[in-house]
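Each chain, letter by letter, is given below.
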Amino acid sequence: MTRTSTSITPEEIENTFERCPHCGTYAVKITNSHYCTTQFTSNLTDAERDQRIAADPYPADETVAIVDQFVGDAFAYHELDADNHTLCTLHTDNPLAYCTRTAAQDDQYAPCQLCQRLREKREAER
């Protein structure tokens, strides 16, 4: 049995695959198989991050959670419920690290806006 080698042309690659503009992952175009979550990437400027940190209305000594990861893409800290679960639907394979709000802010983490909206809603319903 003779096997012939065929090479894939750049045009065939371009017609078959697309690259996610958020994370750079390649996926087959026709399958819609890639669902990128951009929750671990930040497009905030330093000024926007500082503004969100300054506007955080909650106590500085409260415990919040950050995603414990080695890459510097995570930028948000998350509000916790009474069972120390995040208020938002955070999905990660990485463990969470717990610290005070001040410590998270000192490390340039900004508040998760979804967590804040959920907390505001919960507090308003009480």
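Cut-offs and rules
- Starting from 1, residues in each chain are numbered consecutively following that chain's sequence as written.
- In keeping with the model being predicted, local features are shown solely for residues with a pLDDT of at least 70 and side-chain atom pairs are shown and tallied solely at 80 or more, while totals for entire chains, interfaces and linings include all residues.
- Note that water and hydrogens are dropped before the side-chain values are worked out from all heavy atoms of the structure.
- Going along the chain from the N terminus, every DSSP run of H or I of four or more residues is numbered as a helix, and every run of E of two or more is numbered as a strand.
- Exposure categories follow from relative accessible area, calculated using a 1.4 Å probe and restricted to protein chains: below 20% of the type maximum is buried, above 50% is exposed, and the middle band is partly exposed.
- Polar contact is the term for a pair of N or O atoms within 3.5 Å; when the atoms are in protein, one must be able to donate a hydrogen and the other to accept it, and sequence-neighboring residues count only if both atoms are side-chain atoms.
- Any two residues having at least one pair of non-hydrogen atoms within 4.5 Å are treated as being in contact.
- Being paired, for any two strands, means DSSP has found at least two bridges between them.
- Just to be clear on terms, a salt bridge is a Lys or Arg side-chain nitrogen sitting within 4 Å of an Asp or Glu carboxyl oxygen.

**Thoughts on the side chain of E79**
Now for step 1: Inspection of the secondary structure assignment puts E79 in the loop between strand 4 (76–77) and strand 5 (96–100).
Now for step 2: Assessed through its relative accessible area of 2%, E79 is described here as buried.
Now for step 3: Side-chain polar atoms of E79 contact the side chain of R101, separated by 2.7 Å.
Now for step 4: Dropping the residues within four chain positions of it, E79 is found in contact with Y58, E62, H85, T86, L87, R101, C115, Q116 and R119.

**Quick look at the pairing of strand 3 (residues 63–67)**
Now for step 1: Among the 5 residues of strand 3, 4 are classified as buried, and the element is accordingly described as predominantly covered.
Now for step 2: With 5 bridges joining them, strand 3 and strand 5 adopt antiparallel strand pairing. Opposite A65, over in strand 5, you have Y98 as the bridge partner.

**Let's talk about the pattern of salt bridges**
A side chain with one charge may pair with a side chain of the opposite charge, provided their charged atoms come close.
Now for step 1: Here the structure, examined in full by the defined rule, presents 7 salt bridges.
Now for step 2: The salt bridge partner of D46 is R49, with a shortest N-O separation of 3.4 Å. In this pair, D46 and R49 are both assigned in helix 2 (residues 46–55), 3 residues apart and thus about one turn of the helix distant.
Now for step 3: Among the ionic pairs, R119 bridges to E123, the shortest N-O distance being 2.9 Å. Residue R119 and its partner E123 are located together in helix 4 (residues 113–125), separated by 4 residues, close to a single helical turn.
Now for step 4: You can call R119 buried: its relative accessible area is 13%.
Now for step 5: Where salt bridges share partners, they join D56, E62, E79, R101, R119 and E123 into one cluster.

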